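Commentary on secondary and tertiary structure
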Amino acid sequence: MRNIWAICKRELLSFFVSPIAYFVITGFTLLIGFFFFNYLSYFARVQDMSAMIALRGGDAPNLNQFVIEGVFQTMVVILVFLVPLLTMRTIAEEKRRGTFELLITSPVSVREIVLGKFLSIAIVLFVMLATTLLFPVLLIQYGNPEIPPIVSGFFGVLLCALGFASIGMAVSSFTENQVVAGVASMVTLLLLYVIQAPAESVGGTATEFFRYLSPLEQLQDPLRGVIALKSIAYFGSMIVLGLFLSQRALEAYRWR
Amino acid sequence: MIEVNGLSKSYGDYQAVAGVSFSAQKGEVVGFLGPNGAGKTTTIRMLATYLPPTAGAATVAGYNIVTQADEVRRRIGYLPENPPLYGEMTVREYLKFIAEIKGVPRTEMAKRVDSVMERCFIADVSHKLCHHLSRGYRQRVGLAQAIIHEPEVIILDEPTSGLDPNQIIKIRQLIKSLGETHTVLLSTHILPEVSAVCSKVVIVNRGRVVMESELSKLSRDKSLEQIFLESVSQEDAVDAAA
Ligand SMILES: Nc1ncnc2c1ncn2[C@@H]1O[C@H](COP(=O)(O)OP(=O)(O)OP(=O)(O)O)[C@@H](O)[C@H]1O
Ligand SMILES: [Mg+2]
């Protein structure tokens, strides 16, 4: 435990000394802010229109569906590109500058190295996502959104971000070059993101399978206010798989 | 204590270390001497549990480097060929991190960091980023990192490379004093360094040990340089004849 925390603290120090963390966090907040106001103005327009329709007995548009869900879904796309920026250096950089040799020959296990690094990224991601809670707070001033979908949506997107980070770390463990690590992680996450695209055309169980693998599909429930065991299991397995692969890659590295 | 028995390492077809055997006792400073590419770093990396050997065995501080690597890691201090520094940390932050992962008790941490900076002559750069250090200072911080937890066995890969003459003398004194109470293995290709700090010398060439001897037992009418050149060139001559 002490070792995991020591590694994590050191990683956080590196994150906040380099411009990368600030760049990623402010970039994310700004982008989400942009999309938030976009969805909001769209919602306002739809509301005006539906006010006319409502006279004829239609449903009023729902603030949660239009704005909150939209923003959370957009977050996932942005995470596909930003998480690799946070994870690319984790292990690749350690190998490049020779500190990997220091860690391995210290009384610290590979598992502790991997968990310490993951914990530090998790903290950065939490801070990053938490900054966007500003927008729902604004929304509460403006209208009256349902709170549960915001909470469960936040939780779902955080889980998704952690899953992405875990995969990014695994990719970073296979190379000494952080640019390669970053690009390869983006491609991997992008593939995962679009995996449900062929689902409709293949049909049968394959459709179900591709749908199951899609993070967007798995976020449906949390975005509607339901924290389903199924989604937790999905993102949980993604995290465990990534950590496991990272550990294996690091253990194997010295045997070449 | 270090006991090495037929240790070998191959990179693909290329055999970098071919059955190296030697030993180092507590209270000894053993110089691991050899020309470039002789296999010094490779051997040291195996002893430090970084690289797994392809054949042979070794014990460090009484533990097998492969099957009991965790125990070995608790008992060694290791300075790799390139000092493993985190550029974005200050020297003090870095040494504190090292003390943490090497298991120095929390209550002693600050004291150890201060005393090791004193011993390695780096107190004046304690607030500098490692990134901004000169080559010699990097080397000294690397050395500090290797001894901060007072390990039983100290393994140093070219500890004086990049130091100025004045520092070389001071660091050699430090290593010599460490040798009185610890087991020290250091690699070098500087011959006078061996005579200055070591009590024993192991000469390697092309992955093989060509000579192992206490320094005091070496023949008096030959300089270490002669012995080194002879043992290295003999090997090469035999290889050429074959
Ligand atoms: N990862 C590697 N892959 C292939 N060959 C390697 C690798 N590392 C080292 N070698 C080779 O093994 C041999 C021994 O290298 P080593 O670094 O152990 O020598 P050395 O005695 O430390 O030399 P120097 O005095 O230059 O530091 C060299 O011929 C080197 O090219
Ligand atoms: Mg070397």
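Note that residues are indexed from 1 along each chain, following the sequence as it is written. Following the order in which they are written, the chains are lettered starting with A and the ligands numbered starting with 1. Note on the predicted model: pLDDT of at least 70 is required for a residue's local features to be given, and 80 or more for side-chain atom pairs to be given and counted; whole-chain, interface and lining totals, by contrast, use all residues. Here the side-chain values reflect all heavy atoms present in the structure, with hydrogen atoms and water set aside.

**Description of the overall build of chain A**
- Within chain A one finds 12 helices and zero strands.
- Projected onto its principal axes, the C-alpha positions of chain A cover 75 × 45 × 30 Å.
- The buried label applies to any residue whose accessible area, calculated with a 1.4 Å probe on protein chains only, is under 20% of its type's maximum; exposed applies above 50%, and partly exposed to all values in between. Classification of the 256 residues of chain A by burial places 53% in the buried group.
- Positive charge is attributed to Lys and Arg, negative charge to Asp and Glu, and no charge count is given to His or to the chain ends. Where a charge lies is defined by one atom per residue type: Lys uses NZ, Arg uses CZ, Asp uses CG and Glu uses CD. Treating the 17 positive side-chain charges of chain A as one cloud and the 15 negative ones as another, the clouds have centres 9 Å apart. For helices the rule is a DSSP run of H or I covering at least 4 residues; for strands it is a run of E covering at least 2, with both sets numbered from the N terminus onward.

**Focus on the confidence of the model for chain B**
- The share of residues in chain B with pLDDT of 70 or more is 95%, and the mean pLDDT across the chain is 91.
- Predicted complex, confidence summary: ipTM 0.91, pTM 0.91. A score from 0 to 100, pLDDT tells how confident the predictor is in each residue.

**Some remarks on the coordination of the magnesium ion (ligand 2)**
- Donor atoms: N, O and S within 2.8 Å of the metal, or within 3.2 Å for Na, K and Ca. Because water is excluded, sites can look incomplete. The protein atoms that coordinate the magnesium ion (ligand 2) are Thr-41 of chain B (OG1) and Glu-81 of chain B (OE), at distances of 1.9 to 2.2 Å. With Thr-41 of chain B in helix α1 (residues 40–47) and Glu-81 of chain B in the loop between β6 (76–79) and α3 (91–101), the pair connects residues that are 40 residues apart, well separated along the chain.

**Focus on the sheet that holds β6 of chain B**
Residues and elements named next belong to chain B.
- With respect to topology, six strands assemble into an open sheet ordered β6-β7-β8-β3-β9-β10, the strand pairing being mixed. Each of the sheet's edge strands pairs with one partner strand only, and the pair in question is β6 and β10 (208–214). Across this sheet, the average inter-strand angle for adjacent strands is 15°, counted without regard to direction.
- In the sheet, strand β3 (residues 29–33) pairs with strand β9 (residues 200–205) via four bridges, with the strands oriented parallel. The residue bridging Val-30 from the neighbouring strand is Lys-200, located in β9.
- Its contacts with the sheet place helix α6 (residues 165–181) against β3, β7 (153–157) and β8 (183–188), and it is angled at close to 145° to β8. Think of it this way: DSSP has to see at least two bridges between two strands before they count as a pair. Geometry is summarised by axes, namely lines fitted to C-alpha atoms with helices restricted to the contacting stretch, and by angles between N-to-C directions that run from 0 to 180 degrees. Note on contacts: a residue pair is in contact if any heavy atoms of the two residues lie within 4.5 Å.

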